[in-house]
Amino acid sequence: MSAGQDRADRLKTQHIDDLLGQRLREIRNAMGLTREQVGDDLAVSDSRIRDYEEGDRIPAARLWQFCGRYGIAVESLFEGLPHHVGGRVTEVADESAPFDSPFGDEVVRAINAAAEQLNPVERRLALAALRGMGQRKLKTP
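All of the points below concern the structure found in this document. (Residues numbered from 1 in each chain as written. Predicted model: local features only at pLDDT ≥ 70, side-chain atom pairs only at ≥ 80, totals over all residues. Heavy atoms only, no water.)

Pairing is possible between side chains of opposite charge, provided their charged atoms come close. According to the stated counting rule, one finds seven salt bridges in the structure shown. With a closest N to O distance of 3.6 Å, Arg57 and Asp17 form a salt bridge. Pair noted here: Arg57 is in the loop between α3 (46–53) and α4 (60–70) and Asp17 is in helix α1 (residues 3–30), with a separation of 40 residues, a long-range link. Take Asp17: its relative accessible area is 9%, and that puts it in the buried class. In this structure, Asp41 and Arg69 form a salt bridge, with 2.3 Å as the shortest nitrogen-oxygen distance. Of this pair, Asp41 sits in helix α2 (residues 35–42) while Arg69 sits in helix α4, and the two are 28 residues apart along the sequence. Look at Asp41 and you get partly exposed, because its relative accessible area is 46%. Since its relative accessible area comes to 27%, Arg69 is described here as partly exposed. One salt-bridge network, held together by shared partners, links Arg48, Arg50, Asp51 and Asp56. (Salt bridge = Lys/Arg side-chain N within 4 Å of Asp/Glu carboxyl O. Helix = DSSP H or I, 4+ residues; strand = E, 2+ residues; numbered from the N terminus. Buried < 20%, exposed > 50% of the residue type's maximum accessible area, 1.4 Å probe, protein only.)

The next subject is unusual backbone geometry. With a phi close to 60 degrees, Ala43 is a non-glycine residue in the positive phi region. Position of Ala43 among the secondary structure elements: in the loop between α2 and α3.

Written as structure tokens, this is what we have:
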């Protein structure tokens with residue numbers, strides 16, 4: 001692949017690299033870790049950690065290391081990310097959008113109260129778990 005093709009490919013997926021970096025920063029901050037601590041654990045400089053968190057493309061092996069360090073599943077980093085490259089867009093539901101609930105207001109309030117106690121990373125993981133359970137139920141005959 002030529003340098004021009006590689007740059008064009010990176011531009012098509014930069015939005016995903018940016019979101020992955022943001023998630024890694026949120027997780028690190030939620031765990032109370034510094035870039036230096038994570039860099040020491042992964043044997044890279046703290047400036048490289050910053051670059052990843054600011055949207056530099058992250059090699060798959062490095063993502064694996066981040067997830068191992070943070071004690072999370074790799075797939076949790078990708079939960080809810082857009083599935084489009086370049087100009088093609090697959091709509092992804094806004095996790096903050098209100099929804100109509102077939103459950104009573106009491107259940108919705110209880111879920112909301114529980115979610116308020118979670119940090120942003122935990123909220124995203126809880127939402128992913130709920131969505132996953134819903135998808136599993138939809139596929140069950």
